[in-house]
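Coordinates in review
Spelled out from the first residue to the last, the chains are:
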Amino acid sequence: MAPRLQLERAAWRWVESVRPEDVTAENIETAYRVLLEGCKRGACRRNCKGNPNCLVGIGEHIWLGEIDENTFHNIDDPNSERRSKNTFVGLTNLGATCYVNTFLQVWFHNLEMRQAIYLCQNSRAEEFAVEDDTGNFNNHSNDYEPQEICEHLQYLFALLQNSNRRYIDPSGLVKALGLDTGQQQDAQEFSKLFLSLLEDTLSKQKNPNVQNIIQQQFCGQFAYITVCNHCGRESQLLSRFYELELNIQGHKQLSDCVTEFLKEEKLEGDNRYFCENCQSKQNATREIRLLNLPHTLNFQLMRFVFDRQTGHKKKLNTYIGFPEILDMGPFLEKKDEKCVYELNAVLIHRGVSAYSGHYIAHLRDGRTNDWYKFNDEEIEKMEGKKLQLGSEEDIEPSKSQTRKPKCIKGYHSSRNAYMLVYKRQVEEVSHSEPNVQVPDFLQRLVDRDNRKFEEWCHEMAEMRKQSVDKGKAKHEEVKEIYELLPAFEFIPLEWLRKWLDDSTVTKPIDNSKFSCCHGKLHPDKIEDVKRISQKAADIFFNRYGGGPRLDNSSLCRECVVERCRVLRLKNQLNEDYKVISNMVKISNNSNQGYWIGKASLRSWRQLALEQLEEEDDELKHTNGKPNGESISVLDAGGKYKKDDNDDENLNFNEDILCSHGGLCTSENERKLVSNEVWNRLKTYFPKAPEFPARQESCPKCKTLERECEESEALNKMIANDQKMALLNLFQDKNRPSLQKWPTETDHLYIVSLFFVEEWRKFIRRPGRCTPVSSVANGALLCPHGGLMFTYESMSKETVAVLWPSEWEIINRFFLVDQTIKLSRNYRQTSTRYLCLECREGLLFQQQRDLREYTQATVYIRKIVDNTKIMKDAAPELNVSGSEAEDEREVKIGDNDPDFNQINNGAKRQKLSVPSSGSCTLSSSFISHQKQGIRRSTRHRKVRGEKALIVSANQTLKELKIQIMHAFSVAPFDQNLSVDGRCLTEDSATLGSLGVVPESVIFLKADEPIADYSAMDDVLQGKSFSFCD
């Protein structure tokens, strides 16, 4: 089928040879395109919108032919959430809690620890789990909610053991621990704190096997042995440990790390040992001797170390080899003691940064000796090539990293393992892992959760079945009706598509928006409807309702005839446009013709088009406005406006009408055209204002122009007199200074600087500016009539200082509301007092504004190449003068706090001068105070600098996150300083740190030691603690 535009042209091509009064029924059918052939399936890839008989590509393909039942619903199979046979249960990642999930899985697989947790006394759960004869819990309508840590751990372990779910939600335990689910914590620190908290909680239990389970499983003992080199005395200090923290720098094997942990250390120099036998400091040696090892031996590989060069943690991505069977006998003090361990778990940090990444665990099932990978909700059995403990095959090493070393059988190597868990082998050959059973009261709670899960699965399955049944019924309906569609009644295309789209509710048919003003089908809406058979239409309207129905009798003759007339006039308009354009180019030197506004002459074609189409507001034609050009915009009433900001819409040739209804006086806005041009235009605009060439301009407008010229001449004369009388003030020459009092006078006067600036503007442009009539000195005074500035704090940035002779001239030319005279003696004013109350309020307001601001701008300047940041590296402050002096920079040397609102000020506040000559203080000084927190009128940005919007109550950590998005520098790599001070306290607010609006904050970014691209989770804090 031809493209839509070609179909539209073909539908109206007949108007070139047919007059409106000669339109036939065939012409109407051609305009409505009902004579076009319908498209066959497969003939076009998408629906032909220009052809009302094309019923292909409207969504029918998904219903015709064989259909997959899964397309009838968007509900996942609930069985995918069911735990498979002989598999473990996963844990949901709540945002950044993968490190918690790994340790919970490790502790759950410690069967002795699980058994002890089950034995904890839990009267609440036992009472809750009592069932009645019907199998329901007595007097409990809500779910069981644990409160204590042991209760949470009990219920969680029971669900991990016997739940039917594929994974469970640990949010109850995480919330009880007070952990932030959106912030990843230090995994090793979490392990220590949790075991400490659990040990303290279990110590309150009555069962001794429960009280001491943490010590029995994880607690070992070593001794610090110190030997004096002088007398040979040996001292011993016993210490318990729950894990051995091993340094991995410079080592390749786990045994090397243990050997370094136990190696002898020399105590010499400042580190000498005080020997009680010698009663003095002596050189000595110190070593660690392992006395007893626990049942479960945890090795913490110190991958995260502090980098003194950067001041942050970094991760050591070096490979460490470790065996599946570890003999710790050679490392014990008693060398002959047999102490063999078997690898039970490997905890992995996936990622190369110490502050981000993802945690997973490789765990061995003690009953089957099979290894599994626990990755939050996903659990995968590791066998064959996948049995690479401590390694993640989806992590590709960079070129700068060393290759993974080859390992012999029974050994593994990892650059991501940060904790190794070994379990001690028992001597009894017949020993097997204990069979841990869930207590009855916990099992009843688990059974209840399983029943809820089964109910949910049944509900989801029913919803899937209902969706499938509904889809099958719709399938049969579409197959039945689609074959009946091609025929003679019109239905909205969008409605047909929604009917075929089973995901939306089918609404009643609405044909009203396709109707013309005559109540029939609008010819321009033919692209939005499709023709179907009367039988199919009867089915649709009976089932879904709606209306009005549009059949072949709905083809509107009136609209087609009107369109024919418009199109023919458009063709004539094009010819007239060419003729008039050529005729206007010929200059008219005679006194014959008519005046036409230049704006009307430019836009007459568009205005004529609008007038031709104003009876049909839905005709789809552009107004001919070129892209990017600001030409006249026409409204539907045949009017135009010069741009969107104009308040008035003018008819043709009204742009040369004056306010009195006559011809405007400005000949620059009009053009004289010939009689022939005007007659052609008159056919389109018969009601346009008509101005013959000899018509005079409006006499009232001429009188006003003459008066304006006289007023301008008077202003020039006034400006010249004032300039000559106050020449030094105008040129800013020979000005008195308050810092260096002139010897020739004992008194000086001050006026508002705003008055001087406005007066200078008038002197420069008297024809455009209004004369200044008064001096509003009241703005310099407080509400009590006193001054808020001391003698020392006044400067030319606040006021203008006048000679006594100048003051006399000022009084002669202007109306002065307040006289302010300064005296040489005692450095105080002779006519005004200093209002201490208002001055203190002003200073307090200035200081408060520096600490309380919102939506202010600060500038972040990135320092590269180790550029030294000096305390005076802040940008040079500048203030702006009058309009002619806006680019002039002024160095400010006065550090008086009175001038904070001036030196840091932006553009000076313009004071409104009432006709009475009086001026109130409050509004002007409030604006001065609000502006007082700014540093400069115009900040000059430099290379490597970006502006950020901040608030005073925003923390430094939040600012660092903004900087991270702007500069791609992680918060832990940011070193910030302002005015020579380092900003280090992340929790402090910007206001408390002295960061004020317009501050320049220097950013020095630490170069990363390793690849920081694997930021898998979220930024984490440096430390955390549990909330009780």
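Residues numbered from 1 in each chain as written. Predicted model: local features only at pLDDT ≥ 70, side-chain atom pairs only at ≥ 80, totals over all residues. Heavy atoms only, no water.

As annotated in an unreviewed UniProt entry, the chain is Ubiquitin carboxyl-terminal hydrolase 48 from Erpetoichthys calabaricus.

This next bit is on the overall build of the chain. Assigned secondary structure in the chain consists of 25 helices and 38 strands. The burial tally for the chain puts 47% of its 1028 residues in the buried class. Sequence separation of at least 24 residues holds for 75% of the intrachain contacts in the chain that already meet a minimum separation of 6. Here the chain displays about 54600 Å² of accessible surface, and carbon together with sulfur accounts for 47% of that area. (Helix = DSSP H or I, 4+ residues; strand = E, 2+ residues; numbered from the N terminus. Buried < 20%, exposed > 50% of the residue type's maximum accessible area, 1.4 Å probe, protein only. Contact = heavy atoms within 4.5 Å. Areas by Shrake-Rupley, 256 points an atom, 1.4 Å probe, with all protein chains shown as cover.)

Okay, the sheet that holds strand 31 (residues 799-802) next. Strand pairing in a sheet takes place through backbone hydrogen bonds and is either antiparallel or parallel in direction. Reading across from one edge, 31-29-33 is the order of the three strands in this open sheet, with antiparallel pairing throughout. Across the chains shown, the open sheet's two edge strands, defined by having one partner strand only, are strand 31 and strand 33 (821-823). The mean inter-strand angle of the sheet, taken between neighbouring strand axes irrespective of direction, is 35°. Against the sheet, helix 21 (residues 804-813) engages strand 29 (747-752) and strand 31, with an angle of about 45° to strand 29. (Pairing = 2+ DSSP bridges. Axes fitted to C-alpha atoms, helices over the stretch in contact; angles between N-to-C directions.)

Taking burial as the measure, the eleven residues of helix 3 (residues 98-108) include eleven buried ones, the bulk of the element. Taken together, the buried positions of helix 3 are Cys98, Tyr99, Val100, Asn101, Thr102, Phe103, Leu104, Gln105, Val106, Trp107 and Phe108.

A separate point is the pairing of strand 10 (residues 296-301). With six of six residues buried, strand 10 lies mostly within the body of the structure. Here strand 10 shows a buried face lined by Thr296, Asn298 and Gln300 and a second buried face lined by Leu297, Phe299 and Leu301. Examined bridge by bridge, strand 10 and strand 20 (residues 417-424) share five bridges and lie antiparallel to one another. Within strand 20, the position partnered with Thr296 by the bridge is Lys423.

Our next topic: the pattern of salt bridges. Under the counting rule described, the total for this entry stands at 31 salt bridges. When the shortest N-O distance is used, the salt bridge between Arg165 and Asp449 registers 3.0 Å. Of this pair, Arg165 sits in the loop between helix 6 (149-162) and strand 2 (167-168) while Asp449 sits in helix 12 (residues 440-482), and the two are 284 residues apart along the sequence. Residues Glu696 and Lys702 are paired through a salt bridge, measuring 3.5 Å at the closest nitrogen-oxygen approach. Salt bridges linked by common partners bring Glu234, Glu287, Arg289 and Glu333 together as one network. (Salt bridge = Lys/Arg side-chain N within 4 Å of Asp/Glu carboxyl O.)

What follows covers the sheet that holds strand 36 (residues 974-978). Spatial strand order, 35-34-38-36-37: five strands in an open sheet with mixed pairing. For this open sheet the edge positions go to strand 35 (945-950) and strand 37 (981-983), each flanked by a neighbour on one side alone. The sheet shows a mean angle of 35° between the axes of neighbouring strands, direction not considered. In the sheet, strand 34 (residues 856-863) pairs with strand 38 (residues 1000-1005) via five bridges, with the strands oriented parallel. Its bridge partner lying in strand 38, Ile860 is registered against Ile1001. Sheet contacts for helix 25 (residues 956-967): strand 34, strand 35, strand 36, strand 37 and strand 38; angle to strand 35, the most-contacted strand, approximately 140°.

Attention shifts here to the environment of Lys313. Considering the arrangement of structural elements, one finds Lys313 in strand 12 (residues 312-315). Along the sequence, Lys313 and Ala354 sit 41 residues apart, while their C-alpha atoms lie 6.0 Å from each other. Leave out the neighbours within four places in its chain, and Lys313 touches Asp186, Val305, Phe306, Ala354 and Tyr355. A distance of 3.0 Å separates polar atoms of two side chains, one belonging to Lys313 and the other to Asp186. (Polar contact = N/O pair within 3.5 Å; in protein donor to acceptor, adjacent residues only side chain to side chain.)

Once that is clear, we can look at the nonpolar core. Formed by 64 residues in total, the largest nonpolar core has its most connected members in Trp107, Phe190, Leu198, Leu202 and Leu347. Among the elements that make up this core, the one with the highest residue count is helix 6 (nine residues). With near-sequence residues (within four places) excluded, Trp107 lies in contact with Met113, Phe157, Phe190, Ser191, Phe194, Leu195 and Phe218. Core analysis: the second largest hydrophobic core is formed by 35 residues, Val258, Ile320, Leu326 and Leu420 among them. (Core = buried A, V, L, I, M, F, W, Y, C linked by side-chain atoms within 4.5 Å.)

A cis amide bond links Gly547 with the next residue in sequence, Pro548, at an omega value of -10°. The residue Asn86 is not glycine, and still its phi comes out positive at about 60°. When you line up the elements, Asn86 lands in the loop between helix 2 (25-32) and strand 1 (90-91). Take Asn86: its relative accessible area is 66%, and that puts it in the exposed class.

The subject of this paragraph is helix 2. Buried residues of helix 2: Asn27, Ile28, Ala31 and Tyr32, and no others. Each buried residue of helix 2 sits inside an arc of 130° when the element is viewed along its axis, so together they form one side. Among the exposed residues of helix 2, those oriented more than 90 degrees off its buried face are Ala25 and Glu26. Immediately beyond the C-terminal end of helix 2, within one or two residues, lies Arg33, with a positive phi of roughly 60°. (Arc of directions from axis to C-beta.)

Helix-helix packing is described using two parameters, namely the angle between the two axes and the distance between the axes. Orientation of helix 15 (residues 557-585) relative to helix 16 (residues 598-613), taken along the N-to-C sense of each, is 170°, at an axis distance of 10 Å. Between helix 15 and helix 16, the angle falls in the class roughly antiparallel. Every residue of helix 16 that contacts helix 15 at Glu562, Arg565, Val566, Leu569, Lys570, Leu573, Asn574, Asp576, Tyr577, Ile580 and Val584 is listed here: Leu601, Trp604, Arg605, Ala608, Leu609, Leu612 and Glu613. Partitioned by chemical class, the residues of the contact of helix 15 with helix 16 number eleven nonpolar, one polar and six charged. (Parallel < 35°, antiparallel > 145°, perpendicular 65-115°, else oblique. Nonpolar A, V, L, I, M, F, W, Y, C, P; charged D, E, K, R; others polar.)

Turning to the pairing of strand 17 (residues 371-375), a few remarks are in order. With five of its five residues buried, strand 17 lies for the most part within the structure. Alternating positions in strand 17 separate into two faces, Trp371, Lys373 and Asn375 on one and Tyr372 and Phe374 on the other, with burial throughout. Note that strand 16 (residues 358-364) and strand 17 share four bridges and pair antiparallel. Within strand 17, the position partnered with Arg364 by the bridge is Trp371. Following strand 16, the chain reverses through six residues before pairing antiparallel with strand 17; Asn369 in that reversal takes a positive phi of roughly 65°. As defined by bridge partners, strand 17 adjoins strand 18 (residues 378-382) across five bridges and the pair is classed as antiparallel. The residue bridging Lys373 from the neighbouring strand is Glu380, located in strand 18. The loop that links strand 17 with its antiparallel partner strand 18 comprises two residues; one of these, Asp376, has a positive phi angle of about 55°.

If you walk through the whole model with that rule in mind, you get 29 aromatic pairs. Relative to Phe540, the ring of Trp495 lies with its centre 4.9 Å away and its plane at 75°, an arrangement referred to as edge-to-face. Taken as a pair, Trp495 in helix 13 (residues 493-500) and Phe540 in helix 14 (residues 534-544) lie far apart in primary sequence, 45 residues in all. Residue classification places Trp495 among the buried positions, given a relative accessible area of 7%. (Phe/Tyr/Trp six-rings, centres within 6.5 Å; stacked < 30°, edge-to-face > 60°.)

Positionally, Gln236 belongs in strand 4 (residues 234-241). The class of Gln236 is partly exposed, set by a relative accessible area of 48%. Distance from Gln236 to Arg286, taken between C-alpha atoms, is 9.7 Å for residues 50 residues apart in sequence. Beyond its immediate stretch of four places on either side in the chain, Gln236 contacts Ala223, Tyr224 and Ile225.

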